Amino acid sequence: MHSNFKRELSLEAKTENKGEINIKGQKVSYKVITGTMPVWDDQGKAIAGLFYVYYERTDVSNKTERPLVISFNGGPGTASVWMHLGYTGPRKLKIDDEGYPIQPYGFDENPQSILDVADIVYIDPVNTGFSRILDKSVPTSKFFGVNADIKYLAEWINAFVARQKRWASPKFLIGESYGTARVAGLSLELQNKHWMYLNGVILVSPTDLGIERGGNMSAALRVPYMAATAWYHKKLPVDLQSKDLTTYLPEVEEFTLNELLPAIAQGGALSKEKRALMVKKLARYTGLSETAVMNQNLEIPLDFFWKELLRNQGKTVGRLDSRYIGIDKKDAGDKPDYNSELTSWEHSFTPAINMYLRDELGYKTDLPYYIFGPTFPWDRTNNHTGDDLRQAMMQNPYLHVLVQSGYYDGACDYFNAKYNMWQMDPAGKIQDRMFWEGYRSGHMMYLRKEDLKTSNDHLRTFIKKSIPKHGTPAKF
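By the naming in an unreviewed UniProt entry, the protein chain goes by Carboxypeptidase and is assigned to Aquirufa salirivi.

Written as C-alpha cells, this is what we have:
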C-alpha cells in the first residue's frame, strides 16, 4: 500500500501542482514544484541532495522580466519552513493574530504573499527538511561551515537557475537569522565565482555577519532591545511608558552610543558619581532594579535580563521574541529554563509543513522533515560575510540591501542590525542603497498579523525599486 514511500532521499521524486490565490485583490495563478537536486563534487558525482519548493506564476507572458527570490532560513541547521509557511509563500500556517499556535493545526491562503511580484524558491540546505547527504564517505566539513555552506549552495543555485531558465531574471536573495550570513556571503560568491549578479539581498533579523564588536561594544549595543522589551511589558517609569515605542527608542539609542559605551569602556576608572548616574539611567531604561544593574557592572547579560525582568511575577521572557512568556521550575537563577517563543513556533510549524508537503502537494517520502537537523560541528572561522556583501555592492551598482528587524528580538536585535549597516559601509558610500525597517514583534516579525502585511509590502516596494528601468546601465 505504501510502495511509493521510502525512508531515503530520492533525486527523482518530484511533484507539480497548480494553484490560485488572491493577493491584494488580484487573482494570481501559479504552479508549485517540489523536488530534489544534487550537490556535486569536483568530479561531477552527486554527494548530497537538496530539497526545494519552487513557486512560479503562470499568468505572466515574459519570464525574463519576472524577479526570482531565492529563500533560506538559518540555524545553522534549520529548514526553509519558517519564511515559506510564515511569511512570503502563498500558503500560511494557522496561528492567532499575535503568532501563537491554535488547533486544529493547518494552513490557509496567504493574501500577503509576494508571489504577485516575484517567483520564489525555498531551499533546504544539507540535513535540513528533506535534504540529506548521499555519499557518507564525504566529510561533513564539505557542508557544515560558514564558507563551505556558501560554496556548495552557490554551485547549486547556479544549476537551479540554469534548469529553470532564469538567467535573464532579476534575482534576489532573502535569508533569516543565520541565513543572513549565508545570503550575504552568497552575494559575493555568486558574483565572483559564478558571474551571477543580483539586484537585491534581504536580511531578515540579521546576525553580526562576522563584524567584530568586542565585549564592551556588545554589552552596550543590546541595551536598546532591552529598553523595547521593558516598554512592551510596562516596566518603565510613567514618563517613559507614556511615550510611543518609536518615540522612546531614539532617546535610548543616543544614550547607548554617547554615554553608556564610553562609561563601560572606562571600567574601574569611572568615577563613583558617574557610575551612580549610569546605573540610574540604565535601570530606568531597562526596567531592572538599580541593584541588579550595579551588580552586573553596567554590562547586563541577555540570559540574566530574560530571567530578571519579570522575576517578581514568576515569569521569563522569550529570547527570539520577548513578547512570549515562559515559566520556570524556580524563580531563582540567572537564565530561563527554555526559550518560550521557540517551543511555540515548533508547535505550530511542524504539523503545518508536514501536512502541506505530504498531503496537499503529494511529496511521497518516509523521511522525517527536519525542522532542525544535525549540522554540527559547524565551522564558524573566517566569517567575513558582512564585508563580502559590501564588496558585492561596491562592484555591482544594481545591488540593493533591505534589512528587516523586530524590536523584541533578543537574539538578532534591531540595534545591532543598524550597527552592521554602519560598519559595512564606514565611509557612507553605499548607504543610499541600504534600507532598514523595524516591526513591533520579534525574530519572526511576520507571525504577527499586522506585521505580516507591512513587512511583505516592504518587500514588494524593495523588489520593484531594485529593478532598474529598461536600458539603465550598471555604472556609478
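Draft legend 1. Representation of the overall build of the protein chain in the model. Looking only at helices and strands, the protein chain has 14 helices and 14 strands in total. Relative to a compact globule of 476 residues, whose C-alpha radius of gyration would be 23 Å, the protein chain shows 23 Å and is just as compact. By its C-alpha atoms, the protein chain is 70 × 55 × 50 Å across when sized along the principal axes. Each of the 476 residues in the protein chain was classed as buried or not, and the buried ones make up 58%. Taking the intrachain contacts of the protein chain between residues at least 6 apart in sequence as the baseline, contacts between residues at least 24 apart amount to 72%. Surface exposure of the protein chain reaches about 19700 Å², of which carbon and sulfur atoms provide 50%. Side-chain charges in the protein chain split into 59 positive and 56 negative, and the spacing between the mean points of these groups amounts to 2 Å.

Draft legend 2. Geometry of the nonpolar core. In this structure, F143, W156, I157, L186, Y248 and L389 are the most contacted members of the largest nonpolar core, which totals 98 residues. It is helix α2 (residues 146-163) that contributes the most residues to this core, ten residues altogether. Other than its neighbours up to four places away in sequence, F143 contacts V39, I47, A48, V126, I133, V138, A148, D149, Y152 and W378. Core analysis: the next-biggest nonpolar cluster, separate from the first, contains 55 residues, V69, L320, L402 and L452 among them.

Draft legend 3. Structural detail: the pairing of strand β1 (residues 14-23). In the sheet, β1 pairs with strand β2 (residues 26-40) via ten bridges, with the strands oriented antiparallel. Residue pairing for β2: T15 is matched across the bridge by T34. Hairpin connection of β1 to β2: two residues between the antiparallel strands, including K24 at a positive phi of 55°.

Draft legend 4. Spatial organisation of the pairing of strand β4 (residues 68-72). Judged by how many residues are buried, β4 sits mostly within the fold: five of five residues are covered. Here β4 shows no split at all, with L68, I70 and F72 on one side and V69 and S71 on the other all buried. One ladder, built from four bridges, connects β4 with strand β7 (residues 119-123); its direction is parallel. Looking at the pairing, V69 lines up with I120 of β7.

Draft legend 5. How the structure looks around the packing of aromatic side chains. On inspection of all chains with the given rule, the structure shows 32 aromatic pairs. Ring geometry for Y225 versus F305: centroids 6.1 Å apart, planes at 70°, classification edge-to-face. Highlighted residues: Y225 in helix α5 (residues 223-232) and F305 in helix α10 (residues 302-308), separated in sequence by 80 residues. Among the residues examined, Y225 registers a relative accessible area of 0% and is labelled buried. F305 sits in the buried class, given a relative accessible area of 0%.

Draft legend 6. Region of interest: the environment of L310. By the secondary structure assignment, L310 is in the loop between α10 and β11 (316-317). For the pair L310 and A230, spaced 80 residues apart in sequence, the C-alpha to C-alpha distance is 9.5 Å. Setting aside anything within four residues of it in sequence, one finds L310 in contact with H233, K235, K315, V317 and I325.

Draft legend 7. Layout of the environment of G145. Along the chain, G145 falls in the loop between β8 (132-133) and α2. Residue classification places G145 among the buried residues on the basis of a relative accessible area of 3%. Residues G145 and M394, spaced 249 residues apart in sequence, show a C-alpha to C-alpha distance of 26 Å. The contacts of G145, once residues within four sequence positions are left out, are Y178, W378 and D379.

Draft legend 8. Layout of unusual backbone geometry. Here G75 and P76 are connected by a cis peptide whose omega angle stands at -5°. Assignment of secondary structure puts P76 in the loop between β4 and α1 (81-88). The amide bond that connects F376 to the next residue, P377, takes the cis arrangement and shows omega of 5°. Inspection of the secondary structure assignment puts P377 in the loop between α11 (340-360) and α12 (385-395). If you check the backbone angles, W195 has positive phi at about 55° while not being a glycine. Position of W195 relative to the elements: it lies in the loop between α3 (178-193) and β10 (200-204). Since its relative accessible area comes to 63%, W195 is described here as exposed.

Criteria and thresholds
- Residues numbered from 1 in each chain as written.
- Predicted model: local features only at pLDDT ≥ 70, side-chain atom pairs only at ≥ 80, totals over all residues.
- Heavy atoms only, no water.
- Helix = DSSP H or I, 4+ residues; strand = E, 2+ residues; numbered from the N terminus.
- Rg over C-alpha atoms; globule rule 2.2 N^0.38 Å.
- Buried < 20%, exposed > 50% of the residue type's maximum accessible area, 1.4 Å probe, protein only.
- Contact = heavy atoms within 4.5 Å.
- Areas by Shrake-Rupley, 256 points an atom, 1.4 Å probe, with all protein chains shown as cover.
- Lys, Arg positive; Asp, Glu negative; His and termini not counted.
- Charge placed at Lys NZ, Arg CZ, Asp CG, Glu CD.
- Core = buried A, V, L, I, M, F, W, Y, C linked by side-chain atoms within 4.5 Å.
- Pairing = 2+ DSSP bridges.
- Phe/Tyr/Trp six-rings, centres within 6.5 Å; stacked < 30°, edge-to-face > 60°.

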